[in-house]
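Each chain is listed here by its residues.
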Protein chains: 2
Amino acid sequence: MVSIATGGVSREEWGRSFGDWYRRMLDEAEIMDYRYPVKGCGVWRPYGFRIRKLVLDIIRELLDEAGHQEVLFPTLIPEDMIAKEAQHIKGFEEECFWVTHGGLRPLGLKLALRPTSETAFGPMFKLWIRSHADLPMKLYQVVNIFRYETKATRPLIRMREVLTFKEAHTCHATAEEAERNVREAVGIYRRFFDELGIPYLISRRPEWDKFPGAIYSIAFETIMPDGRSLQIGTVHNLGQNFARAFEITYERPDGRHELVWQTCYGISGRVVAALMAVHGDDHGLVLPPRVAPVQVVVVPIPYKGYEEVVRSAAERMGSELARAGLRVEVDIRPDITPGEKFYYWERRGVPIRVEIGPRDVEKNQITLVRRDTLERTSAPVERAVEAVERLLSDLTEALRERAWAWMRGHVKAVSTIEEARDVLDRVGGVVELPGGGDGECGRQMEAEVDARVLGTPEDTEPKPVGPCPICGRQAVDVLRLARAY
Amino acid sequence: MVSIATGGVSREEWGRSFGDWYRRMLDEAEIMDYRYPVKGCGVWRPYGFRIRKLVLDIIRELLDEAGHQEVLFPTLIPEDMIAKEAQHIKGFEEECFWVTHGGLRPLGLKLALRPTSETAFGPMFKLWIRSHADLPMKLYQVVNIFRYETKATRPLIRMREVLTFKEAHTCHATAEEAERNVREAVGIYRRFFDELGIPYLISRRPEWDKFPGAIYSIAFETIMPDGRSLQIGTVHNLGQNFARAFEITYERPDGRHELVWQTCYGISGRVVAALMAVHGDDHGLVLPPRVAPVQVVVVPIPYKGYEEVVRSAAERMGSELARAGLRVEVDIRPDITPGEKFYYWERRGVPIRVEIGPRDVEKNQITLVRRDTLERTSAPVERAVEAVERLLSDLTEALRERAWAWMRGHVKAVSTIEEARDVLDRVGGVVELPGGGDGECGRQMEAEVDARVLGTPEDTEPKPVGPCPICGRQAVDVLRLARAY
């Protein structure tokens, strides 16, 4: 049962066995059960589901504030719709699950299970948008999507049925407004990941690897403890590609009809994988308080003769913390030891443990243990709420800082292929190499470094960065490469 | 544009054109767009989505309180799983959508899009349940389900992709506990529909029409304004049928292994159809405040020279009501008249309209109009919150009473086939006929009355109720029949 090392393991050492840890945590912290009898499909268990909900609450709040409205579309997309945008179908035809039969009869027209919903929104945008007064139209939905992955699948990271996908779809009157919305979406995602303390790199993806049907794509990546990069969010400028295919037009004030300009942006269940990975340690999960289903667990430490007094003190403390709006559990399970309770809640990433033993009751105090450092402090009972709230806020900040520092330490500027390879082989992370002007250099780098080009850093001005190691010409932008999930 | 009659139409008259009204309201109140290019599939629009969310919040709260936990399962169910319970697959094989291809390749094993999830939960319950300490296990999820309907489809009522389905699945140690849970589930649904003011009849469904794989099924029905019945919730006792098929066992305290006992219960998007129908009138929707996305709309009534003063009074009032926790809109759209605003919000069912004109400002008062009666009252500004809250609570109560009175008036005890037919032909609703002891009488009644047997009233003791009009024998239970959706 006690299967996680609890010694002071270094982050590097822990990172080397990250794959095992991740699998075990999905199971032991009851996040997702991957034994469902369809390959690449898993079940969100109650504790995982609550984390998922708290995470989605944040992105919903941010999108709503920024004028998006939530909708819900069907899963099924007819073959003729999904095929309307040529690049799009080319990018997805190998990846679609197809429904061909209703009952025992073959369907007249095959239906795809949405791999993403641009082509489901297309015909409806055409109906909903009449005039400039209808613009901008900014919609989103939280749904499942389906990709027939032929690569190795992995819970939350690469699944055939992605159970958690937030996709926003917007229409605008001008190219400038669409461009501005791309910036706004990037800003929303920054704030979202900042809330979760997940560090990120923002890159403009290379031409050959943009979203099928987009003009350009921007991706957020984080670095996992094993040194591999994980794409955790994308923002796409679709230009008029889908508007043209679906004839989505609006009437301008001057009476002319124009095609709209579109953007879309998505975040998936991967964010929960990243959350587990960037904050976790060898004891288990470490959850930022904002998304912790249980923020404080109160554990009575019974000694013979004091069982009742510590238990009732623990229950009083639980009620008081709950009244202050905190998500609290009081763990009074009779048949397991305090040590087993500590272990149980640590594994689940509960940010603060409050212990109450006979000494605490006597001194009218509580003992606090914060999950990230396992540091113990005490506070008088009458200032318990204040002490817990301060500790939660300190922990939130500490997690974010630790995670950012670790990621920054794993992004390295290099100048040769050999150096790039060596860094990725030894410590992983992301390397930045001066990149030649055309796609050919990037693709050749991918082959020679044995890594994937994530793209060029977003929001940097072009300036000389050294010679491209492939073509030798002076480059004005770096290319980021990583061994990617 | 103004397409709803606003004269004082009687409920009966309005009911006769209910079908048209319903379609128009889905569109004009922006609930669901049914023009999506797959037959039987529609899109939840932003306003409808908000109603849906508020409705789901209630059922989630009730289920959570009663010890259920939310989970999320995949959509895809492999053919061999769905076929494990013989009655179940027999009931659903004609109705399943089948996924046969991944990309361009045929799949080794066909995958069904869940028509319901007993057979998805089955293999996982088997893994999750070890001992009596794991029981009861009460889970639920809110998902989409798929039925290849060959009958006429209708938005929210009969769809091929049902976008909103709350399904609970439970496992228990004994038959008695499962039976008790059926009662508890019926109680939860009662409270749920009571919150929404939706009246219901609870019937035990006839043997020939129970859920495929259940021992027995209980259904909640309401009566729509056109006199047809609509099933809005079901609770099933599954006995050990699925436990046997999936080998879901637990270890008893004495070490023996036993099969679990199961129940399941579901509610779908139909509840929103019922909500629209039972409270609506010829002006549009009438929403119970608890599920109204906008509970109060404040409309300034500008007169020349007073535009600014009424507008700022309206905005102050809006802020005050919002501070009190109400969902408020202040409609200051410049280019439409107050009359158009009234019409717009009435159609959307906003429970209370607050009007503020120059006279109101002068007298330091507000004018209140309640949506159900369109009655106008006024209240001093300093008691606005109190007045609005009282009116919301009165309206909630009045809606519930009106709806129950109307439904009760449409349930009629009759004793002959002719009478039954005549009542259903003339006014619709539900008729109750003494029912013979076996299924044959009921089935024959269905044919002769041209209606569907809903079942026998739940929670009544068997007692003589007159001779069965089919077999002539003294019956101890009535059968409910209706023209059903």
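Located above this text is the structure these notes cover.
When helices and strands are tallied, chain A shows 15 helices and 25 strands. Here the C-alpha atoms of chain A give a radius of gyration of 25 Å, agreeing with the 23 Å that 2.2 N^0.38 yields for 485 residues. Principal-axis analysis of the C-alpha atoms places the extent of chain A at approximately 80 × 55 × 50 Å. When each of the 485 residues of chain A is scored for burial, the buried share is 59%. Sequence separation of at least 24 residues holds for 69% of the intrachain contacts in chain A that already meet a minimum separation of 6. For chain A, the exposed area adds up to about 19400 Å²; of that, 49% sits on carbon and sulfur atoms. The average position of the 67 basic charges and that of the 73 acidic charges among the side chains of chain A differ by 2 Å.

Backbone hydrogen bonds are what pair the strands of a sheet, in a parallel or an antiparallel way. Residue and element names in this part refer to chain B. Pairing in this open sheet of 5 strands is mixed, and the strands run β16-β15-β17-β18-β19 from one edge to the other. Edge positions in the sheet fall to β16 (328–330) and β19 (376–380), since each of these pairs with one other strand and no more. Strand after strand, the sheet turns through a mean of 25° between neighbouring axes, direction not considered. With 4 bridges joining them, strand β17 (residues 352–356) and strand β18 (residues 365–370) adopt antiparallel strand pairing. Considered in β18, the bridge of E355 is made with T367. Strand contacts of helix α13 (residues 384–408): β15 (296–300), β17, β18 and β19, with the helix running at about 10° to β18, the strand carrying the most contacts.

With that settled, consider the packing of aromatic side chains. Scanning all chains against the criterion turns up 36 aromatic pairs over all chains. Members of the aromatic cluster, each reached through a chain of ring pairs, are A:Y189, A:F192, A:F193, A:Y200, A:F220, A:Y265 and A:W404. The ring of B:W98 carries B:K110 above its face, with NZ or CZ at 4.4 Å from the centroid. When the ring centre of B:Y344 is taken as origin, the NZ or CZ atom of B:R333, which lies over that ring, is 4.3 Å away.

What follows concerns the interface of chain A and chain B. Taken together, the 53 residues of chain A in the interface contact 53 residues of chain B. For the interface between chain A and chain B, the tally reads 0 salt bridges. The tally of links from chain A across to chain B stands at 19 residue pairs in polar contact (both at pLDDT 80 or more). The greatest single-element share of the side of chain A that touches chain B, amounting to 6 residues, is contributed by strand β5 (residues 97–102) of chain A. By residue class, the composition of the side of chain A that touches chain B is 33 nonpolar, 9 polar and 11 charged. As paired elements, β5(A) and strand β5 (residues 97–102) of chain B share 5 bridges and run antiparallel to each other. Residue pairing in the sheet places A:V99 in a bridge with B:V99 of β5(B).

Moving on: the pairing of strand β19 (residues 376–380) of chain A. Residues and elements named next belong to chain A. In this sheet, β19 lies alongside strand β18 (residues 365–370) in antiparallel orientation, the contact comprising 5 bridges. Note that in β19 the partner of L368 across the bridge is T377. Linking two consecutive strands that pair antiparallel, namely β18 and β19, is a turn of 5 residues; a positive phi of about 60° is found at L374 within it.

Rotating chain A by 180° about the axis while translating it 0.0 Å along that axis superimposes it on chain B, leaving an RMSD of 0.0 Å. In the structure described here, the two chain copies are related by an operation that fits a two-fold rotation axis. For chain A, the residue whose C-alpha comes nearest the rotation axis is A:V99, separated from it by 2.1 Å. Looking at chain A, 100% of its interface residues are interface residues in chain B too, so the copies touch through the same face.

Attention shifts here to the environment of A:H236. Residue and element names in this part refer to chain A. Along the chain, H236 falls in strand β11 (residues 229–239). Taking relative accessible area as the criterion, H236 reaches 7% and is therefore assigned buried. Expressed as a C-alpha distance, the spacing of H236 and L62, which sit 174 residues apart in the sequence, is 18 Å. In contact with H236, other than residues within four places in its own chain, are V182, F211, A214, Y216, S217, T263 and C264. Within polar-contact distance, the side chain of H236 engages the side chain of S217 at 2.6 Å.

Criteria and thresholds
- Residues numbered from 1 in each chain as written.
- Chains lettered and ligands numbered in written order.
- Predicted model: local features only at pLDDT ≥ 70, side-chain atom pairs only at ≥ 80, totals over all residues.
- Heavy atoms only, no water.
- Helix = DSSP H or I, 4+ residues; strand = E, 2+ residues; numbered from the N terminus.
- Rg over C-alpha atoms; globule rule 2.2 N^0.38 Å.
- Buried < 20%, exposed > 50% of the residue type's maximum accessible area, 1.4 Å probe, protein only.
- Contact = heavy atoms within 4.5 Å.
- Areas by Shrake-Rupley, 256 points an atom, 1.4 Å probe, with all protein chains shown as cover.
- Lys, Arg positive; Asp, Glu negative; His and termini not counted.
- Charge placed at Lys NZ, Arg CZ, Asp CG, Glu CD.
- Pairing = 2+ DSSP bridges.
- Axes fitted to C-alpha atoms, helices over the stretch in contact; angles between N-to-C directions.
- Phe/Tyr/Trp six-rings, centres within 6.5 Å; stacked < 30°, edge-to-face > 60°.
- Lys NZ or Arg CZ within 6 Å of the ring centre and 35° of its normal.
- Salt bridge = Lys/Arg side-chain N within 4 Å of Asp/Glu carboxyl O.
- Polar contact = N/O pair within 3.5 Å; in protein donor to acceptor, adjacent residues only side chain to side chain.
- Nonpolar A, V, L, I, M, F, W, Y, C, P; charged D, E, K, R; others polar.
- Least-squares fit on C-alpha atoms with pLDDT ≥ 70 in both.

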